[in-house]
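The chain contents come next:
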Amino acid sequence: MAVPPTAPTASVRTRFCPSPTGLVHVGLIRTALFNWAHARHSGGTFVFRIEDTDAARDSEESYRHLVDSLRWLGLDWDEGPEVGGPNGPYRQSERHDVYREVAAKLLASGHAYESFSTNEEVDARRRAAGQDPKLGYDNHDRTLTEAQKAAFRDEGRQPVLRLRMPDEDLTWTDLVRGEVRFAAGAVPDFVLVRGNGAPLYPFVNPVDDALMGITDVLRGEDLLPSTPRQLALYAALTDIGVASGTPRFGHLPLVTGEGTKKLSKRDPTSNLDVYRERGFLPEGLVNYLALLGWSIAEDRDVFSTAELVEAFDVTRVSANPARFDLKKAEAINATHLRALPVEEFTARVVPYLAAAGLVGEPPTAEQDAVLRAIAPMAQERMVVMSEAVGLLGFLFVDEVAIDPAAAEKQLAGETAVEVLDAATTALRELPEWTTPAIEQALKDALVEGLGRKPRQAFGPVRVAVSGRTVSPPLYESMELLGRERTLDRLAAARTLAGAG
RNA sequence: GCCCCCAUCGUCUAGCGGUCCAGGACGCCGCCCUUUCAAGGCGGUAGCACGGGUUCGAACCCCGUUGGGGGCACCA
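Residues numbered from 1 in each chain as written. Chains lettered and ligands numbered in written order. Predicted model: local features only at pLDDT ≥ 70, side-chain atom pairs only at ≥ 80, totals over all residues. Heavy atoms only, no water.

Undergrad: Help me understand the overall build of chain A, please; the structure alone is not making it clear to me.
TA: Helix and strand counts for chain A come out as 20 helices and 11 strands. Relative to its length of 500 residues, chain A is extended, with a C-alpha radius of gyration of 32 Å against a globular reference of 23 Å. Taken over 500 residues, chain A has a buried fraction of 48%. Of the contacts formed within chain A by residues at least 6 apart in sequence, a portion of 75% connects residues at least 24 apart. Surface exposure of chain A reaches about 23900 Å², of which carbon and sulfur atoms provide 51%. (Helix = DSSP H or I, 4+ residues; strand = E, 2+ residues; numbered from the N terminus. Rg over C-alpha atoms; globule rule 2.2 N^0.38 Å. Buried < 20%, exposed > 50% of the residue type's maximum accessible area, 1.4 Å probe, protein only. Contact = heavy atoms within 4.5 Å. Areas by Shrake-Rupley, 256 points an atom, 1.4 Å probe, with all protein chains shown as cover.)

Written as structure tokens, this is what we have:
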């Protein structure tokens, strides 16, 4: 026997609707990612909309930055700025006529009304009634007569437009939290349009969602308390024919910082750019961000963006807050970085080396040869791309700058002098300059000859050659560097060690 | 203050009434490998906030307590 369908299967439409103010926050991006993944998983549509209704705080630069960030992460949108679509414009600053018209309908239909009370008057009324002023607006102006309104106007007052909240409980089934209920009367009539005519976020956001046919609203938990207002607005919009029903809501867990508080824009770890500049891979960051509230399987947490799309299920998103853990983000990224085909890795590393002035862009033939040779060895000891600068820089300069800490550790005292001298002697006359020959010569001279333990024998040589205690494999590095530069560096380090 | 949300290792999580003396990952510790540092391999450490129910049986359901968080604008 056939089971009747439980709901019309209209195709999913999600949206990401940031306001372009300041930095791009990783929590914001996590929200974008989940909306995107939900749309892609279900074969739906992902809409990108800019909520720039606050001229004082919005900036064009911030808008560009948002667009650029989404592109970098590979979160493509089907409708929105720069790609267009049938429901545009997609910037609220260009939609004021729409809001004016909807506001007028709401007023005419009686769902909204003009309110003249000042905050001071509301406060005073609350106190007079022995109530806490924090209760907010008291719905006092619902019943104003035309004569009273006219009197206020004569005083020069400009009314705000408020939505008349229904006198019944407001509930919905949250996609991540299940049943949520707010008691009737708990939410006062709220302002849709300012006295000066400027529409407010709680008004324009649902209006645009309705007009753009959004079916699934995935947003931060901080917006959960505003949902009853949206539900009421949606009912009114549906009544006047602007909306055709209410979307599903899913409130995503907050992303917290070091403590237990919501990750603030002030916290440097909240800035997406920091990760991009450090050389996180977009797919690595996407993977980590997806883990903030979601998991792909019981025994796995590294996955591609394609696998994320394939497996993503909003209803399996966790309801508890997630702390942003840099160490884990790095570990996930490192795994992605190592999994890159070596040519791909090389190509991605070039911009970082070029920005540091180490190679040309594109690299010269010689630089390219060195890069290709060292890439596989560099790849397995890096976490983020920018580390290539410190790790490989010594291969692309004439004289290496020795890290003071490394010098102190490995180039101080008699033993270092001895080692460097022995290494120099062994390498100067080496018949062929190849990795195996270098290895054999050094082992003979330092381990056999001087009787040093490998870890003590090669430390000073490594620092002399690369300038650091951490480097790609030593013999290969020396071969790439060439005999002349290698001997010069041993000599320079010898001077340093001798002086110390 | 009022409203709402949340509660499994230090952290992110798996778990959707028995297969859990709770699994994975990061971190941390140890060992192996080894030319440093990594990487890799192997092993270890550590948790169901508390109290009541319901049930033959609860990490999973219900209630309460405690704790944490979020929201209460003519900001978004």
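Moving on from the coordinates now.
Undergrad: What am I meant to see in the protein's contact with RNA strand B here?
TA: In the vicinity of RNA strand B lie 56 residues, with Arg177, Arg194, Lys261, Thr469 and Tyr475 positioned nearest. A share of 69% is what sugar and phosphate atoms reach among the atoms of RNA strand B within 4 Å of the protein. The backbone of glutamate 51 places a nitrogen or oxygen atom 3.4 Å from a sugar or linking oxygen of RNA strand B. Separating a phosphate oxygen of RNA strand B from a backbone N or O atom of arginine 323 is a distance of 3.4 Å. Broken down by class, the residue content of the surface near RNA strand B amounts to 20 nonpolar, 9 polar and 27 charged. (Near = heavy atom within 4 Å. Polar contact = N/O pair within 3.5 Å; in protein donor to acceptor, adjacent residues only side chain to side chain. Nonpolar A, V, L, I, M, F, W, Y, C, P; charged D, E, K, R; others polar.)

Undergrad: Looking at this structure, I do not really get the pattern of salt bridges. What am I missing?
TA: Between side chains of opposite charge, a pair can form when the charged atoms approach closely. All told, the structure shown has 36 salt bridges when counted by the stated rule. One salt bridge connects glutamate 79 with arginine 13, and the closest N-O pair in it is separated by 3.0 Å. Here glutamate 79 is found in the loop between helix H2 (60-73) and helix H3 (96-108), whereas its partner arginine 13 is found in strand S1 (residues 13-16), with 66 residues between them in sequence. Here glutamate 79 falls in the buried class, since its relative accessible area comes to 6%. The shortest N-O distance in the salt bridge between arginine 348 and glutamate 283 comes to 2.8 Å. Here arginine 348, found in helix H12 (residues 342-355), pairs with glutamate 283, found in helix H9 (residues 282-290); they are 65 residues apart in sequence, far enough to count as distant. Given a relative accessible area of 25%, arginine 348 falls into the partly exposed group. Here the salt bridges do not stand alone but share partners, grouping Arg15, Arg49, Glu51, Arg95, Asp208 and Asp209 into one network. (Salt bridge = Lys/Arg side-chain N within 4 Å of Asp/Glu carboxyl O.)

Undergrad: I keep staring at empty space enclosed by the protein and nothing clicks. Help me out?
TA: Remark: the empty space left among the atoms is shown by a probe the size of a water molecule rolled over them. Inspection of every chain in the model, using the stated rule, returns 1 cavity of 30 Å³ or more. Approximately 50 Å³ is the volume attributed to the largest cavity. Taken together, Met165, Pro166, Glu168, Leu170, Phe182, Ala183, Ala184, Gly185, Ala186 and Val187 make up the full set of residues lining the largest cavity. Across the lining of the largest cavity, the residue classes break down as 8 nonpolar, 1 polar and 1 charged. (1 Å grid on protein atoms, 1.4 Å probe; cavity = no way out; pocket = protein on both sides within 12 Å on 5 of 7 lines; lining within 4 Å. Points joined across faces, edges and corners; volume = space filled by probe spheres on them.)

Undergrad: Please clarify how the layout of surface pockets should be interpreted in this entry.
TA: In this structure, the largest pocket occupies an estimated 1300 Å³ of space. Along the walls of the largest pocket sit 43 residues, with Pro18, Ser19, Thr21, Leu28 and Asp222 positioned nearest its centre. Considering each element in turn, the lining of the largest pocket owes the most residues, 5 residues, to helix H1 (residues 26-41). Split by residue class, the lining of the largest pocket holds 18 nonpolar, 13 polar and 12 charged.

Undergrad: Honestly, the packing of aromatic side chains in this entry has me stumped. Any pointers?
TA: Aromatic ring pairs are defined here through the distance separating the ring centres and the angle between the ring planes. With the rule as written, the count across this model stands at 12 aromatic pairs. Look at phenylalanine 116 and phenylalanine 152: their rings are 5.1 Å apart centre to centre, the planes differ by 15°, and that puts the pair in the stacked class. Taken together, the positions of phenylalanine 116 in the loop between strand S3 (112-115) and helix H4 (119-128) and phenylalanine 152 in helix H5 (residues 146-154) put the pair 36 residues apart, joining distant regions of the chain. Here the two residues phenylalanine 116 and phenylalanine 152 agree in accessibility, since each one is buried. (Phe/Tyr/Trp six-rings, centres within 6.5 Å; stacked < 30°, edge-to-face > 60°.)

Undergrad: Looking at this model, I keep getting lost on H9. Mind explaining?
TA: The buried fraction of H9 amounts to 9 of the 9 residues, a majority that puts the element mostly inside the structure. Within the sequence span of H9, burial applies to Pro282, Glu283, Gly284, Leu285, Val286, Asn287, Tyr288, Leu289 and Ala290.

Undergrad: Where do I start with the sheet that holds strand S7 (residues 191-193) in this structure?
TA: Pairing between sheet strands relies on hydrogen bonds along the backbone, with the strands arranged either parallel or antiparallel. Strand order across the open sheet formed by 3 strands is S3-S4-S7, with antiparallel pairing between neighbours. Since the sheet does not close on itself, it has two edges, and those belong to S3 and S7, each with one partner. Shown here is a sheet whose adjacent strand axes are inclined to one another by a mean of 45°, direction ignored. Lying over the sheet, H3 contacts S3, strand S4 (160-163) and S7, oriented at roughly 95° with respect to S3. (Pairing = 2+ DSSP bridges. Axes fitted to C-alpha atoms, helices over the stretch in contact; angles between N-to-C directions.)

Undergrad: Got a minute to help me understand the side chain of glutamine 379 in this structure?
TA: You can see glutamine 379 is positioned in helix H13 (residues 365-379). Polar contacts involving the side chain of glutamine 379 include one to the main-chain carbonyl oxygen of leucine 340, which spans 2.8 Å. In this structure, glutamine 379 is in contact with Leu337, Arg338, Ala339, Leu340, Val342 and Phe345, ignoring residues within four places of it in sequence.

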